[in-house]
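Commentary on secondary and tertiary structure
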Amino acid sequence: MDQKMNNLRCKPGDLAVVIDAKYKRNLGIIVKVIEIDDRTGPVRYALETPVWLAESQKAMTWVVNGTRHSSNRGPIPDVQLQPIRGTPKEQNLQRKAITQRHCGTFLLREGLSRMTLDQQKGFFKSLEEGGFLPAV
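Residues numbered from 1 in each chain as written. Predicted model: local features only at pLDDT ≥ 70, side-chain atom pairs only at ≥ 80, totals over all residues. Heavy atoms only, no water.

Focus: the sheet that holds strand 1 (residues 15–18)
The pairing of strands in a sheet comes from backbone hydrogen bonds and takes either a parallel or an antiparallel form. Spatially, the five strands line up as an open sheet ordered 4-3-2-1-5, and their pairing is antiparallel. The outermost strands of the open sheet, each flanked by one partner alone, are strand 4 (67–77) and strand 5 (81–83). Each adjacent strand pair in this sheet contributes to an overall mean axis angle of 60°, direction not counted. Of the pairings in the sheet, the one linking strand 1 to strand 5 comprises three bridges and is antiparallel in character. In the strand pairing of strand 5, A16 is matched with P83. (Pairing = 2+ DSSP bridges. Helix = DSSP H or I, 4+ residues; strand = E, 2+ residues; numbered from the N terminus. Axes fitted to C-alpha atoms, helices over the stretch in contact; angles between N-to-C directions.)

Laid out in structure tokens, this is it:
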């Protein structure tokens, strides 16, 4: 497990997009990665699966033993998340874009170009439900 922990995509404090989920309604949800999940809640993944405790403004859905769980906070496997951050070169572009344009349109378009159509739909639905309507 230690080697797996060194190869995680996310880290505590990251914002991330749910890019893979059993339930399509979870796709595109923006979450904040809190910490490694302690596996004490009702939703648990296999011990060999690296899992984060994450929270979002939109409720996420899990089904365990036929029981539906819905919460703004819960476990998400690392492989189902895409962190919203870039390489050092992309981070420099982000700083320049923010400094020069004073907006995130450039960054949003860059991120959208890396998503599948289902991921984009889920992302925009999440933004709309959160009261954000981007112009891209």
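Points about the pairing of strand 3 (residues 51–64)
One ladder, built from four bridges, connects strand 2 (residues 30–36) with strand 3; its direction is antiparallel. Looking across to strand 3, one finds that K32 is bridged to E55. For strand 3 and strand 4, the ladder comprises 10 bridges, and the chain directions are antiparallel. The partner of M60 across the bridge, within strand 4, is S71.

Notes on the side chain of K58
Relative to the helices and strands, K58 is located in strand 3. Of note is the side chain of K58, whose polar atom sits 3.4 Å from the backbone oxygen of R25. If we ignore the near neighbours within four places in the chain, the residues touching K58 are R25, I29, S71, N72, K125, S126 and E129. (Polar contact = N/O pair within 3.5 Å; in protein donor to acceptor, adjacent residues only side chain to side chain. Contact = heavy atoms within 4.5 Å.)

Considering the pairing of strand 1
Regular strands place side chains that alternate from one sheet face to the opposite one. By the bridge criterion, three bridges tie strand 1 to strand 2 in an arrangement that is antiparallel. In the sheet register, V17 faces strand 2, and the bridge partner there is I30.

Comments concerning helix 4 (residues 117–129)
Owing to its 3.6 residues per turn, the α-helix brings residues three or four apart onto one side. Taking 1.5 Å as the rise per residue, helix 4 with 13 residues should run 18 Å; its terminal C-alpha atoms sit 18 Å apart, in good agreement. Of all the residues in helix 4, the buried ones are Q119, G122, F123, S126 and L127. For helix 4, the angular spread of the buried residues around the axis is 135°, confining them to a single face. Seen from the buried face of helix 4, the exposed residues on the opposite side, beyond 90 degrees, are L117, K121 and E128. (Expected span 1.5 Å × (residues − 1). Buried < 20%, exposed > 50% of the residue type's maximum accessible area, 1.4 Å probe, protein only. Arc of directions from axis to C-beta.)

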